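Descriptive analysis of the structure
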Amino acid sequence: QSPAVLTITAGTQIFAYADDGAGKAPALVIERGAQISAVGTASNPITFTSAVTERNLPASGLWGGLIILGSATIHRSDPSDSDPTVEGLSEGGQYGGTSDNDNSGRLSYVRVWYGGSVIGEDNEINGITFAGVGRGTTVDHIEVAYNLDD
């Protein structure tokens, strides 16, 4: 939550469990006004992955993904929707605003594996969702693999 900064150090592995059976998949959500600082290296990347055992892999859609909600200007298909919510979240998830220089943090040498859980009909979480993230956010050397959705 704003104004927090979540810092994840190089080489960290974050393991997520599966959908709870009620259509709620675990995901890491960075809300508007908060930031993530996940800076790995080529030899020591940060990995978000499933907690299932190696013998059950590869498989896709085992957990949600990473969702970053920014405050930048967005295109609205419904102009009356002044506070849109991102697909994949059942509560919260507002994004967009008027701050095109929004800085939602930095992702560098980050891998997101086995995500993309389906949580409802035509409703799934992408490996990484960037929603209303502004030009102050830095993203480089990213890999989304073995994902069910985008």
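Look above for the structure.
A short tour of the structure in this document, coming up. (Residues numbered from 1 in each chain as written. Predicted model: local features only at pLDDT ≥ 70, side-chain atom pairs only at ≥ 80, totals over all residues. Heavy atoms only, no water.)

1. Details of the packing of aromatic side chains
Scanning all chains against the criterion turns up three aromatic pairs. Aromatic side chains tryptophan 113 and tyrosine 114 sit 6.2 Å apart centroid to centroid with 80 degrees between the ring planes, which places their arrangement in the edge-to-face category. Note on accessibility: tryptophan 113 and tyrosine 114 belong to one class, buried. Judged by centre distance (6.1 Å) and plane angle (85 degrees), the rings of tryptophan 113 and tyrosine 146 are edge-to-face. Taken together, the residues tryptophan 113 in strand E7 (residues 105-113) and tyrosine 146 in the segment after strand E11 (138-145) connect sequence positions 33 residues apart. Residue class for tyrosine 146 comes out partly exposed when judged on its relative accessible area of 44%. (Phe/Tyr/Trp six-rings, centres within 6.5 Å; stacked < 30°, edge-to-face > 60°. Buried < 20%, exposed > 50% of the residue type's maximum accessible area, 1.4 Å probe, protein only. Helix = DSSP H or I, 4+ residues; strand = E, 2+ residues; numbered from the N terminus.)

2. Examining the sheet that holds strand E10 (residues 128-131)
The sheet built from three strands is open, its strands ordered E3-E6-E10 with parallel pairing. Edge positions in the open sheet fall to strand E3 (28-30) and E10, since each of these has one partner strand only. Strand-to-strand twist in this sheet, taken as the mean axis angle between neighbours without regard to direction, amounts to 10 degrees. Where strand E6 (residues 66-69) lies against E10, four bridges are found, and the strand directions are parallel. Bridging across to E10, leucine 66 finds its partner in isoleucine 128. (Pairing = 2+ DSSP bridges. Axes fitted to C-alpha atoms, helices over the stretch in contact; angles between N-to-C directions.)

3. Considerations on the environment of threonine 53
Within the element layout of this structure, threonine 53 appears in the loop between strand E5 (46-50) and E6. Separated by 34 residues in the primary sequence, threonine 53 and aspartate 19 place their C-alpha atoms 16 Å from one another.

4. Examining unusual backbone geometry
Backbone torsion omega between serine 2 and proline 3 reads 5 degrees, so that peptide bond is classified as cis. When you line up the elements, proline 3 lands in the segment before strand E1 (5-8). With an omega dihedral of 0 degrees, the bond running from leucine 57 to proline 58 counts as a cis peptide bond. Assignment of secondary structure puts proline 58 in the loop between E5 and E6. Its identity is not glycine, yet tyrosine 109 carries a phi of approximately 55 degrees, on the positive side. Tracing the backbone through its elements, the reader meets tyrosine 109 in strand E7. By relative accessible area, which is 25% here, tyrosine 109 ends up partly exposed. In this structure, histidine 141 is a non-glycine residue whose phi angle is positive, near 55 degrees. With respect to the helices and strands, the residue histidine 141 is situated in strand E11.

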